[in-house]
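Notes for the structure review
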Amino acid sequence: MKANNKLLIALVGLPGSGKSTAGRQLARKLELPFFDSDSEIEVELGQTIQSFFAQNTEDVFRDVEEAVIERLTLELATGGILATGGGVVLRKNNRERLRSRAMVFYLRSTPRQLYKRLVHDTKRPLLQGGGVLEKLETMYSVRDPLYRDTADFTIDTAGMNLHMLVRRVLMQIELMH
Ligand code: S3P
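Reference entry: report on the structure contained in this document. (Residues numbered from 1 in each chain as written. Predicted model: local features only at pLDDT ≥ 70, side-chain atom pairs only at ≥ 80, totals over all residues. Heavy atoms only, no water.)

1. Description of the site of the ligand
Lys-19, Asp-38, Arg-62, Arg-124 and Arg-143 are the nearest of the 14 residues found near the ligand. A distance of 2.7 Å separates an oxygen atom of the ligand from a polar atom in the side chain of Arg-143. When the ligand is considered free in solution it has 380 Å² of accessible area, and contact with the protein chains removes 94% of it. In this structure, the ligand is accommodated by the largest pocket. Those elements that place two or more of their residues in the shell around the ligand are helix 4 (58–75) and helix 7 (132–150). (Near = heavy atom within 4 Å. Polar contact = N/O pair within 3.5 Å; in protein donor to acceptor, adjacent residues only side chain to side chain. Areas by Shrake-Rupley, 256 points an atom, 1.4 Å probe, with all protein chains shown as cover. 1 Å grid on protein atoms, 1.4 Å probe; cavity = no way out; pocket = protein on both sides within 12 Å on 5 of 7 lines; lining within 4 Å. Sits in = over half its atoms within 2 Å of the grid points. Helix = DSSP H or I, 4+ residues; strand = E, 2+ residues; numbered from the N terminus.)

2. Considerations on unusual backbone geometry
Backbone geometry places Glu-31, a non-glycine residue, at a positive phi of 55°. Locating Glu-31 in the fold gives a position in the loop between helix 1 (19–30) and strand 2 (34–36). On the accessibility criterion, Glu-31 (72% relative accessible area) is exposed. (Buried < 20%, exposed > 50% of the residue type's maximum accessible area, 1.4 Å probe, protein only.)

3. Section: helix 2 (residues 37–45)
For an α-helix the count is 3.6 residues per turn, leaving residues at separations of three or four pointing the same way. Regarding helix 2, the residues found buried are Ser-37, Glu-40 and Ile-41. The buried residues of helix 2 occupy one face: seen down the axis, they fall within an arc of 105°. Lining the buried residues of helix 2 we find strand 2, helix 3 (49–55), helix 4 and strand 3 (80–83). Between the side-chain oxygen of the N-cap and the backbone nitrogen of Asp-38 there are 2.9 Å, and the N-cap of helix 2 in question is Asp-36. Residue Gly-46 follows helix 2 closely and has a positive phi angle near 70°. (Arc of directions from axis to C-beta. Contact = heavy atoms within 4.5 Å.)

4. Examining the sheet that holds strand 1 (residues 8–12)
If you walk across this open sheet you meet the 5 strands as 2-3-1-4-5, and the pairing is parallel. Each end of this open sheet is capped by a strand with a single partner; those strands are strand 2 and strand 5 (153–156). Mean inter-strand twist for the sheet, computed between neighbouring axes without regard to direction, equals 20°. One ladder, built from 4 bridges, connects strand 1 with strand 4 (residues 103–108); its direction is parallel. (Pairing = 2+ DSSP bridges. Axes fitted to C-alpha atoms, helices over the stretch in contact; angles between N-to-C directions.)

Encoded structure:
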């Protein structure tokens, strides 16, 4: 058995990088439970992230996110796929929990790639109010080092469709088990 044989697979990366879509497919193929931390946060809050942000600061959101990451990384220790919110790596506790409890994949996309997908998005509070490309660039410069620091593997998604991306992750998982 190789050193990295963790049963929980976590996906990190900027908003729109395909974490939830790829995660759902991976879970189907591997016959493992799938969880999306954003959906779990919404259940906990009893409202959408969007409406929560309208009444609360980002910091309060991060507290809820941190509690959800703590819970899910423990609950899925016996096997699962976890798609995380793009800002999950901003907190050291989350980075440490993901690193120690999961095999982490960073789905790396550039701001330019993501811009096309997100320019008309209305669901992500941190990307509203115009200047989407600039906002993505700022996010990328802050977060790219943190994603790299948290992840066991970085997958460059440029030129990859969903099918290729999922195959690439599956290949890596097979190699490690
Ligand atoms: C956020 C990304 C969102 C969600 C929240 C904050 C961020 O998740 O957690 O809106 O800070 O980048 P996605 O990455 O799934 O869009």
